[in-house]
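# Examination of the molecular architecture
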Amino acid sequence: MTLREIIDILDATVITPLGDEDLNADIRSACSADLMSAVLYYHTPDSLLITGLTQAHVIRTAEIAGIKTIVFVLGKKPDIYSIELAEEKKISLLSTSLCMYTASGRLFRAGLPGCLYK
Amino acid sequence: MPINIDKEIEGSFQIIGGNFVNAGEASTQLKLLLTKLGVDEDIIRRTAIATFEAEMNVIIYAAAGRMHYHITPRGISIKVDDMGPGIEDIELAMQEGYSTAPDWVREMGWGAGMGLPNMKKNSDIFKIDSVVGEGTTIEMVINFPQQ
Amino acid sequence: MKLSDFAGELSLEVKTCKEGLEREITGVYVSDLLSDVMANSRAGDIWITLQTHLNIVAVAGMKNLAGIIIVGGRKLPEDTRQKAEAEKIPIMTTPLPAFEAAGRMYRKLKEQG
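The sections below set out a description of the structure shown in this document. Along every chain, residues carry numbers that run from 1 in the direction the sequence is written. Written order determines the labels here, with chains lettered from A and ligands numbered from 1. Under the rules for a predicted model, residues below a pLDDT of 70 receive no local features and side-chain atom pairs below 80 are neither given nor counted, while totals for whole chains, interfaces and linings still include all residues.

## A few points about the overall build of chain C
- Numbering goes from the N terminus for both helices and strands, where a helix is a DSSP run of H or I of at least four residues and a strand is a run of E of at least two. Helix and strand counts for chain C come out as four helices and five strands.
- Along chain C, helices and strands appear, N-terminal first, in the series β-β-α-β-α-β-α-β-α.
- C-alpha atoms define the radius of gyration in this analysis, and the globule rule sets the expected value at 2.2 Å times the number of residues to the power 0.38. A globule of 113 residues ought to have a C-alpha radius of gyration of about 13 Å, and chain C, at 12 Å, matches this closely.
- When its C-alpha atoms are laid out on the principal axes, chain C stretches across 35 × 25 × 25 Å.
- Working definition of burial: number of other C-beta atoms within 10 Å of the residue's own, with buried at 20 or more, exposed at 12 or fewer, and partly exposed in between, all C-beta atoms being placed from the backbone. Classification of the 113 residues of chain C by burial places 50% in the buried group.
- Pairs at least 24 apart in sequence give 49% of the contacts found in chain C among residues at least 6 apart. Throughout, a pair of residues is in contact if the C-beta atoms placed from their backbones lie within 7 Å.

Structure, rendered in structure tokens:
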């Protein structure tokens, strides 16, 4: 599923500037979590992280786990420091007003699978 | 990809307790170094996860700590020691889901009781030693695949 | 729909309060942050989470949630199980990760109209 489709399905706003290449990026799976160790537990390269936390250590967790896209739920937006960090690490940030359940549900129903254990 | 290591590389990072803003910086630096050396992606990933969890533990529980790395043609050795409260019952702490993290740490997305198991899962050798009131030392080895 | 309608699809294992499976589901909330659940969940919701800490029982009780589904195949600690049993909070576990557990419930609820 492309990032463009995900933005459309979640009616998401874009936080970090995205070029065509970013929008056409292929997202293979998704992980919904607020616990960062859980994110690190799954096999997540090229996954979408759906989370309610916006702090800088969430961006770092994504980088360590090979996640290139994060969507924040409930309309949450990170502070400027986290946004700059994400830009530096080439991680795309989105925000949706949906809750984690609806965001997960819509994407799963549209065919995006969950992350696997590894 | 051939691993570009002809001599042994050593270094260390300081970790400051409570510093959530820079949390992950040491692990990220090490990850960059391993990428530059041409280390296998899966090895980098395992090292990054194991060191990040160790780094977070220092940030959450300790006043300060140090991460020391030693890279050889055979693999990566990591040692993380901290000036923290120490762990009373290591066997219990190793159980998945067990955590002594306070509520505010859980509200930040940590303290799920998965950190130590994640470190063990991602390393080939995992050792933990702790003295209550003094600190904790974690040693991890991740071997390169041998041709 | 009732929780029991999802038992097969989510491979649910009932840990406490078996009769809770026959309650009608009015909503689902997914979160691992207790403060978020306190603020945003609604009475009657099923709560999907990775948290197994004792405090989840108190949150579910205070918010009158219909039950808790613990994801990722995590083991339920004995103290949490006992408290949930005493306070009649249904807890189930599933091997699925949160995204997929939520996804499967969402899809089934939508398809039922």
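## Things to note about the overall build of chain B
- The secondary structure content of chain B amounts to five helices and five strands.
- Ordering the α and β elements of chain B from the N terminus gives β-α-α-β-β-α-α-α-β-β.
- Computed over the C-alpha atoms, the radius of gyration of chain B is 15 Å, within 12% of the 15 Å expected from 2.2 N^0.38 for a compact globule of 147 residues.
- With the C-alpha coordinates aligned to their principal axes, the bounding extent of chain B is approximately 45 × 30 × 25 Å.
- The contacts in chain B between residues at least 6 apart in sequence include a share of 63% that link residues at least 24 apart.

## Brief notes about the pairing of strand 4 (residues 67–70) of chain C
Residue and element names in this part refer to chain C.
- Of the two faces of strand 4, both are covered, the one formed by Gly67 and Ile69 as well as the one formed by Ile68 and Ile70.
- For two strands to be treated as a pair, DSSP must find at least two bridges joining them. As paired elements, strand 3 (residues 45–49) and strand 4 share four bridges and run parallel to each other. Bridge assignment links Thr49 to a residue of strand 4, and that residue is Ile70.
- Orienting the strands away from the viewer, one traces the path from the first strand over the helix to the second; a clockwise path indicates a right-handed crossover. Where the polypeptide runs from strand 3 across helix 2 (residues 55–62) and back to strand 4, its parallel neighbour, the crossover connection is right-handed.
- Relative to strand 5 (residues 91–93), strand 4 is paired through three bridges, and the arrangement is parallel. When the sheet's bridge partners are listed, Ile70 is paired in strand 5 with Thr93.

## Focus: the interface of chain C and chain A
- At the junction of the two partners, chain C supplies 20 residues and chain A supplies 19 residues.
- Element by element, the count of residues in the side of chain C that touches chain A is highest for helix 4 (residues 98–111) of chain C, at eight residues.
- Grouping the constituent residues of the side of chain C that touches chain A by class yields 11 nonpolar, four polar and five charged. Amino acids are sorted into nonpolar (Ala, Val, Leu, Ile, Met, Phe, Trp, Tyr, Cys and Pro), charged (Asp, Glu, Lys and Arg) and polar (every other residue, Gly among them).

## Focus: the interface of chain B and chain C
- Every contact between the two is made by five residues of chain B and, on the other side, nine residues of chain C.
- A per-class count over the side of chain B that touches chain C returns one nonpolar, one polar and three charged.

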